[in-house]
Amino acid sequence: MDSLKLDHIGIAVRSIEQVIPLWRDTLNAKLGDRETIPSQQVEVLFLETGETRTELLEPTSPDSAVSRFIEKRGEGLHHIAYQVEDLTATMKQLISAGSKLIYPEPRPGSHSTLINFIHPSSTGGVLIELVEYPAGCDSSHRKEEPNS
Ligand code: ZN
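Not measured: the values here are computed from a predicted model.

Enquirer: Residue-level account of the nonpolar core, with values.
Expert: One finds Ile 11, Val 13, Ile 16, Val 19, Ile 20, Trp 23, Ala 29, Leu 45, Leu 47 and Leu 56 forming the largest nonpolar core, which totals ten residues. Secondary structure elements with two or more residues in this core: helix H1 (16-26) and strand E3 (42-48). It is H1 that provides the largest number of residues to this core, a total of four residues. One finds Ile 37, Leu 57, Phe 69 and Ile 70 within the second-largest nonpolar core, a separate group that totals nine residues.

Shown next as structure tokens:
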């Protein structure tokens, strides 16, 4: 396994629209891609914040895991995401090391990535997302992709 690279930090919010003035106007973060991710029942907005992006997550359904998170714990830091070369291989290594994953199979994430999460019970309380970018495309190539 290659060494881990921090990909983004996920923050759960009730409303992306409501927090845009803080991030864009007050903190001067550049707004990146906005995308709905049906498999996660969330809408996300990426903020270009240097080497590591910040991801704002707004639930699109009361059944969304992010919705349940906000109900239980309020808005706030939700997960930290790391890039991996081969998600399936990393998942196998984690399972054989006794770690608990959220999904049995990789799921589609934003930017055509594959994602899974390591359960906080296996990480000392932090939800960790693992992100595999499509071949030949990691986050450093992302800016050359056409934006819709
Ligand atoms: Zn994320």
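Read on for the rest.
Enquirer: So what about the coordination of the zinc ion? Which residues, and what values?
Expert: Summarising the metal site, the zinc ion is bound by the protein donors His 8 (NE2), Glu 55 (OE), His 79 (NE2) and Glu 129 (OE), whose distances to it range over 2.0 to 2.1 Å. Note that the zinc ion binds four donor atoms; their angles at the metal cover 83 to 172°, and the shape is irregular. If you list the donors of the zinc ion from N- to C-terminus, the spacing comes out as H-x46-E-x23-H-x49-E. Here His 8 is found in strand E1 (residues 5-12), whereas its partner Glu 55 is found in strand E4 (residues 53-59), with 47 residues between them in sequence. Here His 8 falls in the buried class, since its relative accessible area comes to 3%.

Basis of the calculations
- Residues numbered from 1 in each chain as written.
- Predicted model: local features only at pLDDT ≥ 70, side-chain atom pairs only at ≥ 80, totals over all residues.
- Heavy atoms only, no water.
- Core = buried A, V, L, I, M, F, W, Y, C linked by side-chain atoms within 4.5 Å.
- Buried < 20%, exposed > 50% of the residue type's maximum accessible area, 1.4 Å probe, protein only.
- Helix = DSSP H or I, 4+ residues; strand = E, 2+ residues; numbered from the N terminus.
- Donors = N, O, S within 2.8 Å, 3.2 Å for Na, K, Ca; no water.
- Tetrahedral: all angles 85-135°; square planar, octahedral: opposite > 155°, others 65-115°.

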